[in-house]
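# Geometric and topological summary
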Amino acid sequence: MTESESIQAALREMAKSIGGLESTVTTLTRQWRDQDEKASLGRRDLHQKIDALVDDLRTLEGLVKAAISDIAIMKPIVDGVIEARQQVRGAVKAGRWVHWLIFGSGGGAAALWVFSHFFSVSLK
């Protein structure tokens, strides 16, 4: 092999190495670009999901505020129902006493006295 052939062989080897490097750099560049695009899509999807979650939380906050307002409106009604139950219990107890007075004591005079003192009946 002559000197010129060995130079040519070295140049071909160098060209081959440069071509391989160029191919590797092109492949890496393409992979980085694809990964960057995928990462951008992933970030965009994540932001969209976070925005949707924030919207859901705002909706939930509104529902909770409305529920609290409704409960505040219902509280006096519930308190009134509880008071009415207590009054009914008292009326039942009083009715038992009246029943005992009427039927337990032989009746008519005691019933007349109870009705005349505790009840007023009028016609409309």
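All figures in this text were calculated on a predicted structure; none of them were measured in a lab. (Residues numbered from 1 in each chain as written. Predicted model: local features only at pLDDT ≥ 70, side-chain atom pairs only at ≥ 80, totals over all residues. Heavy atoms only, no water.)

## Looking at the overall build of the protein
Scanning the protein from terminus to terminus reveals 2 helices and 0 strands. Burial status across the protein gives 3% buried among its 124 residues. Looking at the protein as shown, the accessible area adds up to about 11300 Å², and 65% of this sits on carbon and sulfur atoms. (Helix = DSSP H or I, 4+ residues; strand = E, 2+ residues; numbered from the N terminus. Buried < 20%, exposed > 50% of the residue type's maximum accessible area, 1.4 Å probe, protein only. Areas by Shrake-Rupley, 256 points an atom, 1.4 Å probe, with all protein chains shown as cover.)

## Things to note about the pattern of salt bridges
Tallied over the full model, the rule gives 2 salt bridges. The partner of E61 in a salt bridge is K65, with the nearest N and O atoms 3.6 Å apart. Of this pair, E61 and K65 are both found in helix α1 (residues 3-104), 4 residues apart, which corresponds to roughly one turn of the helix. The class for E61 is partly exposed, based on a relative accessible area of 43%. (Salt bridge = Lys/Arg side-chain N within 4 Å of Asp/Glu carboxyl O.)

## Quick word on a nonpolar patch on the surface
A surface patch of nonpolar side chains, amounting to about 580 Å² of accessible area, comprises L53, L57, L60, L63, V64 and I68. Note that L60 resides in helix α1. Residue L60 is classed as partly exposed on the basis of its relative accessible area of 47%. (Patch = residues over 30% accessible without salt bridge, like charges linked within 9 Å, V, L, I, M, F, W, Y side chains within 5 Å.)

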